[in-house]
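# Examination of the molecular architecture
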Amino acid sequence: MSPPGGAAGRPGLVDVHAHFVTGSYIRQARAAGHERPDGVPAWPHWSAAAHLELMDRSGIDTAVLSVSSPGVFFGDPAAARALAREVNEDGARIVRDHPGRFGLFASLPLPDTDGALTEIAYAFDVLDADGVVLETNAHGVYLGDPRLEPVFAELGRRRAVVFLHPTSPVCWQQSALGRPRPMVEFVFDTARTVTDLLFAGTLERHPGLRVVVPHCGGALPVLADRINGFMRLFTPGDEAPPDAVAQLRRLYYDLAGPAFPRQARALLGLADPGRLLYGSDYCWTPAAAAEAHAASFDTEPAPVDGTTWRTLTTSNARTLLPRLAR
């Protein structure tokens, strides 16, 4: 195996948006009707060996693994609890087998709140997970839903890293127009669920939450001022109006997907450079595209003088996830 990225005289990237799949997970998802997940033609293949080879070619020291859409809840709460436990134990085993190379964002069986609370305790206290991954909605339950308040209260108490990941919206049969949902629907479902968190006051009630928004924030950079205006408009007159833009600036954002040349530039109008993180979206993004994306972090002009996108995002990730720096 080749040396990690840092051994070549450049800091090794920390990939906060990396995925794994197992044969068992794919079989269960297919049995639940996800033969073409989110309209994508086929399930990807994944192995730790292939992932490590990609990481070494791209100068990635560590990748934090998570299960992507469609998540683990397919309609049966008991089955979702079992599947969440299965993939979390699988992920933790991968982390143990490859010290220093992988981390884990654990899956939760939302919208089953009791099951999610049980899995939070197991993921952090037993598996030593680095955070959790939450889909933007769980069978139509968006993240600002009051039923999920106990989950966010517990995650906030633990000062947990909460990695958001988009999934198909409930209306995708009409809105996707027969095209793969990751192209457009994921971008807007990300904005939809973060907006729901803002209007619900979840982020203000639980300041310990450290939320990572994927794909350059989806549509949020261009919608932030509009959201802020509507929040102020609909705040009762005897309450201080919330500042949605200030809340959005406190979030973290990964740059997975086609960040350059336009999306990252739009995001910089909203996000502090100290909150930007590298993401590959491998294995759902093919290896060749993931390698080209990683290479762009060495060639695109960085927003802070004296840095590169590689050094900036790596420093940010190691601040957010200090355990990965050991």
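Scroll up a little and you will see the structure.
Described below are features of the structure shown in this document.

Reading the values: rules and limits
Residues numbered from 1 in each chain as written. Predicted model: local features only at pLDDT ≥ 70, side-chain atom pairs only at ≥ 80, totals over all residues. Heavy atoms only, no water. Helix = DSSP H or I, 4+ residues; strand = E, 2+ residues; numbered from the N terminus. Buried < 20%, exposed > 50% of the residue type's maximum accessible area, 1.4 Å probe, protein only. Contact = heavy atoms within 4.5 Å. Areas by Shrake-Rupley, 256 points an atom, 1.4 Å probe, with all protein chains shown as cover. Lys, Arg positive; Asp, Glu negative; His and termini not counted. Charge placed at Lys NZ, Arg CZ, Asp CG, Glu CD. Axes fitted to C-alpha atoms, helices over the stretch in contact; angles between N-to-C directions. Parallel < 35°, antiparallel > 145°, perpendicular 65-115°, else oblique. Left-handed = near helix turned anticlockwise from the far one by under 90°. Nonpolar A, V, L, I, M, F, W, Y, C, P; charged D, E, K, R; others polar. Pairing = 2+ DSSP bridges. Patch = residues over 30% accessible without salt bridge, like charges linked within 9 Å, V, L, I, M, F, W, Y side chains within 5 Å. Salt bridge = Lys/Arg side-chain N within 4 Å of Asp/Glu carboxyl O.

What follows deals with the overall build of the protein. Each helix and strand in the protein was counted, giving 13 helices and 10 strands. Judged by the C-alpha coordinates and their principal axes, the protein covers about 60 × 50 × 40 Å. Counting across all 326 residues of the protein, residues that qualify as buried make up 55%. In the protein, once contacts between residues fewer than 6 apart in sequence are set aside, the share between residues at least 24 apart is 77%. Per element, the accessible surface of the protein, about 13,800 Å² overall, is 55% carbon and sulfur. Where the 30 positive side-chain charges of the protein centre and where its 36 negative ones centre are 2 Å apart.

A few words now on the packing of helix α2 (residues 48–58) against helix α12 (residues 287–299). Each pair of packed helices can be summarised by the angle the axes make with each other and by the distance between the axes. Where α2 meets α12, the axes come as close as 9 Å, and the angle between the chain directions of the two elements is 30 degrees. Classified by the interaxial angle, the pair formed by α2 and α12 is roughly parallel. Crossing angle aside, the handedness with which α2 passes α12 is right-handed. Listed contacts from α12 to Leu54, Arg57 and Ser58 of α2 are Ala287, Ala290, Glu291 and Ala294. Counted by class, the contact of α2 with α12 contains 4 nonpolar, 1 polar and 2 charged residues.

The next point concerns the packing of helix α4 (residues 113–125) against helix α5 (residues 149–157). Between α4 and α5, whose axes approach to 9 Å, the crossing angle comes to 15 degrees. By the angle between their directions, the pair α4 and α5 is classed as roughly parallel. In the crossing of α4 with α5, the sense of the turn from one axis to the other is right-handed. Along its contact with α4, which presents Thr113, Ala116, Leu117, Ile120 and Phe124, the element α5 presents Pro150, Val151, Glu154 and Leu155. Grouping the amino acids of the contact of α4 with α5 by side-chain chemistry returns 7 nonpolar, 1 polar and 1 charged.

Let us now look at the sheet that holds strand β1 (residues 13–19). Taken in spatial order, the 8 strands line up as β1-β2-β3-β4-β7-β8-β9-β10 in an open sheet, and their pairing is parallel. Of all the strands in the sheet, the pair left with one neighbour each is β1 and β10 (276–277). Relative to strand β3 (residues 102–107), strand β2 (residues 60–66) runs parallel, the two being bridged by 3 bridges. For Val64, the partnering residue across the bridge sits in β3 and is Gly103.

What follows deals with the side chain of Glu135. Along the chain, the position of Glu135 falls in strand β4 (residues 131–135). Residue contacts for Glu135: discarding those within four places in its chain leaves Val67, Ser68, Ser69, Gly71, Leu143, His165, Pro166 and Thr167.

On the surface, Phe199, Phe230, Leu233 and Phe234 cluster together into a nonpolar patch covering about 460 Å² of accessible area. Position of Phe234 relative to the elements: it lies in the loop between α9 (220–233) and α10 (244–249). Residue class for Phe234 comes out exposed when judged on its relative accessible area of 57%.

Most of strand β7 (residues 161–165) is tucked away, with 5 of its 5 residues classed as buried. Here β7 shows no split at all, with Val161, Phe163 and His165 on one side and Val162 and Leu164 on the other all buried. Looking at chain direction, β4 and β7 are connected through 4 bridges and run parallel. Bridging across to β7, Val132 finds its partner in Val162. Pairing of β7 with strand β8 (residues 210–213) involves 3 bridges; the strand directions are parallel. Opposite Phe163, over in β8, you have Val212 as the bridge partner.

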